[in-house]
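Structure at a glance
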Amino acid sequence: MLKIAVLISGGGSNLQSIIDGCESGYINGIVKLVISNKGSAYGLERAKKHNIKTYVENEENKVISLLKEEDIDLIVLAGYLKIISPNFVEAFRNKIINIHPSLIPAFCGEGYYGKKVHESVIDYGAKLSGATVHFVDEGADTGPIIMQKSVEVKVDDTPNSLAERVLSVEHEILKESVKLYCDNKLIVNGRGVIIND
């Protein structure tokens, strides 16, 4: 059973989907640690309800130490609104995954997070949006893609209504990607990720 750490900045609904997946046995892992860069993040309360250790920490070197102390196998960035350094990436190469609320490489990179992503999709007139789970490398949203799922952008969508539909897809593919990782079925091959059956 792999040890998972989830890094958050907000409500933690993606965190909840991982906790549920682990507790139901769908994911062969256990969430050992939840770290937030914001003390007000509701995700911390979600973690406490499941007796998961929580930390509020902004200092990256301390975050790295906490992850190493717990011997973490997989780090999930689930709405973690903080760019991690190349040093962090190097310490956990191919062990960090991120969920992003668009179909990368569209509407991603520095500055593209939260409502801004969905506003940009609507302003551009895109017909499809969705979510992407990817491994984290030194760039912003540039790592090898594990899984994507699209949603239709409707004529009367607002950033909030689009965000809601994208979020339900996020929960689905993040949980599935974590499961595949914990089952040792993901192989990073250059820019690609091979999923073994």
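First, a word on scope: everything that follows refers to the structure included in this document. These figures come from a predicted structure and were not determined experimentally.

Things to note about the pairing of strand β9 (residues 192–195)
Both strand β8 (residues 186–189) and β9 contribute to a ladder of four bridges, which runs antiparallel. Residue pairing across strands places L186 opposite I195, the latter belonging to β9. With antiparallel pairing between neighbouring strands as the criterion, β8 and β9 make up a hairpin whose turn holds two residues, including G190 at a positive phi of roughly 65°.

As for helix α1 (residues 13–23)
Two residues of an α-helix separated by three or four positions point the same way, owing to the 3.6 residues in each turn. The buried count for α1 comes to eight of eleven residues, which makes it a mostly enclosed element. Taken together, the buried positions of α1 are N14, L15, Q16, S17, I18, I19, G21 and C22. Against β1 (2–8), β2 (29–36), α2 (42–49), β4 (74–77), β5 (96–100) and α6 (159–182) lie the buried residues of α1. G25 sits one or two residues past α1 and shows a positive phi near 90°.

Describing the environment of Y112
Among the secondary structure elements, Y112 is positioned in the loop between β5 and α5 (115–124). On the basis of relative accessible area, Y112 is assigned to the partly exposed category, the value being 26%. Considered as a pair, Y112 and V133 are 21 residues apart in the sequence and their alpha carbons are 15 Å apart. Contact partners of Y112, with chain neighbours within four places excluded, come to H100, F107, V117, S120 and D141.

Topic: the packing of α1 against α6
Following both chains from N to C, one finds α1 and α6 inclined at 40°, their axes separated by 9 Å at the closest point. One finds that α1 runs oblique with respect to α6. Crossing angle aside, the handedness with which α1 passes α6 is right-handed. For the pair formed by α1 and α6, the contact residues are S13, N14, S17, I18 and G21 on the first element and L167, E170, H171, L174, K175 and V178 on the second. Among the residues making up the contact of α1 with α6, the classes are represented as four nonpolar, five polar and two charged.

Describing the sheet that holds β5
Strand order in the open sheet made by the seven strands is β3-β2-β1-β4-β5-β6-β7, with mixed pairing throughout. Only two strands of the sheet have a single neighbouring strand rather than two, namely β3 (53–56) and β7 (145–152). Each strand of the sheet is rotated relative to its neighbour by a mean of 20°, with strand direction disregarded. Where β1 lies against β2, seven bridges are found, and the strand directions are parallel. The residue bridging I8 from the neighbouring strand is S36, located in β2. α2 contacts β1, β2 and β3 of the sheet and is inclined by roughly 160° relative to β3. Of the strands in this sheet, β1, β2, β3 and β4 are in contact with helix α3 (residues 60–69), which crosses β2 at around 160°.

Calculation rules
- Residues numbered from 1 in each chain as written.
- Predicted model: local features only at pLDDT ≥ 70, side-chain atom pairs only at ≥ 80, totals over all residues.
- Heavy atoms only, no water.
- Pairing = 2+ DSSP bridges.
- Helix = DSSP H or I, 4+ residues; strand = E, 2+ residues; numbered from the N terminus.
- Buried < 20%, exposed > 50% of the residue type's maximum accessible area, 1.4 Å probe, protein only.
- Contact = heavy atoms within 4.5 Å.
- Axes fitted to C-alpha atoms, helices over the stretch in contact; angles between N-to-C directions.
- Parallel < 35°, antiparallel > 145°, perpendicular 65-115°, else oblique.
- Left-handed = near helix turned anticlockwise from the far one by under 90°.
- Nonpolar A, V, L, I, M, F, W, Y, C, P; charged D, E, K, R; others polar.

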